[in-house]
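Understanding the architecture of this molecule
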Amino acid sequence: MNLVLEAIPYARFLGVEVEQRGERWLCVLPFRQEIIGNPRLPAIHGGVLGAFLELTAFLRLYAEAIDRPPKPINFTADYLRSAGPQTTYAEANIFKLGRRIATVHVVAWQDDPTKPVASGNAKFRL
Amino acid sequence: MSDEPKLALEPVFGPGYEAMTHHTPHAVYLGLKVVETGPLFAVMMLPYRPEIVGDPVRKVVFGGAITTLLDHASGLCVACSLQVLEAIATIDLRVDYLRAAEPGRDLYARTECFRLTRTAAFVRGLAWDKDPSDPFATSIGAFMIGANPGGSPFNRFTA
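Residues numbered from 1 in each chain as written. Chains lettered and ligands numbered in written order. Predicted model: local features only at pLDDT ≥ 70, side-chain atom pairs only at ≥ 80, totals over all residues.

**So, unusual backbone geometry**
- Each neighbour pair has its own omega, and for Leu-41 of chain A with Pro-42 of chain A the value is -15°, a cis peptide bond.
- Looking at where Pro-42 of chain A falls in the secondary structure, it is placed in the loop between strand E3 (36-38) and strand E4 (43-44).
- A positive phi angle is found at Lys-59 of chain B, which is not glycine, with a value near 60°.
- The residue Lys-59 of chain B is located in the loop between strand E4 (53-55) and strand E5 (60-61) in this model.
- Residue classification places Lys-59 of chain B among the partly exposed residues on the basis of 15 C-beta atoms within 10 Å. (Helix = DSSP H or I, 4+ residues; strand = E, 2+ residues; numbered from the N terminus. Buried ≥ 20, exposed ≤ 12 C-beta atoms within 10 Å, placed from the backbone.)

See below:
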């Protein structure tokens, strides 16, 4: 999964890393000034959180289920809480792997996994 | 004579300028530019650069960068719809990828606030590379008005 991540320039641009916890793969978005959307709170840019969710869904599908890059059809993000200046984690779950379409659910949190900051639903063409 | 109430950002409507993204660190990092603003709409541009590519073989910009372009342009068009500036936060955003964006091209987005209530704004967006009539992505989103007591960063446009 790290090899796939390193091949994606945009993943390096955001500074996304992959972390293995037992059987689980998490994507990690370390906090830095460059990802701030609202400096007054401060809060991470909604677009960055959306992109982080999309990247996590893409990586999960590409690394585990298919042998060529899936093409995005659409992506929906729900913003649940303001994401503060700390590390953000995301985990994706392949909800349905069809012959032509895959549906991936993804959730992001910061210090408490029971308090997600954002969730997403991504569809890909295989 | 129009009885329409004045919009807060009316004094800056017209062509965008560099300082309109300076208050958002990520917009600066990504290189987002404001092309134009007006009543209920905004046009923004994401300059092409190799760092934001998702597929190194096809050189196509990663979908997430397009999400950021549409999200930011959507928030800006909500600010362009308010009579009193308030903090704006994304409730949800859906992006449909109609086709791959053409490699090497700057990407544009036009967003429009088609319904505004006291607490929420509803926005649609269109993203294109060459021709606005041939978009590569569309978006629809809901935004919260008065999301936090911090006020609007767009106040700086009019200060």
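**Let's talk about the nonpolar core**
- With 86 residues, the main nonpolar core has Leu-14 and Phe-52 of chain A together with Ala-65, Ile-66, Leu-69 and Ala-127 of chain B as its most contacted residues.
- Of the residues forming this core, the biggest block, ten residues, is contributed by helix H3 (residues 46-64) of chain A.
- The residues contacting Leu-14 of chain A, other than those within four sequence positions of it, are Leu-29, Ile-35, Val-48, Ala-51 and Phe-52 of chain A. (Core = buried A, V, L, I, M, F, W, Y, C linked by C-beta atoms within 7 Å. Contact = placed C-beta atoms within 7 Å.)

**Points about the interface of chain A and chain B**
- Of the residues lining the interface, 31 residues belong to chain A; the matching set on chain B comes to 32 residues.
- Mapped by element, the contributors of at least two residues to the side of chain A that touches chain B are helix H2 (9-14), E3, H3 and strand E5 (71-79) of chain A.
- Element by element, the count of residues in the side of chain A that touches chain B is highest for E5 of chain A, at eight residues.
- Here the side of chain A that touches chain B is built from residues that sort into 18 nonpolar, nine polar and four charged.
- Where E5 of chain A lies against strand E6 (residues 88-97) of chain B, five bridges are found, and the strand directions are antiparallel. Paired with Asp-78 of chain A across the strands is Asp-92 of chain B, a residue of E6 of chain B. (Nonpolar A, V, L, I, M, F, W, Y, C, P; charged D, E, K, R; others polar. Pairing = 2+ DSSP bridges.)

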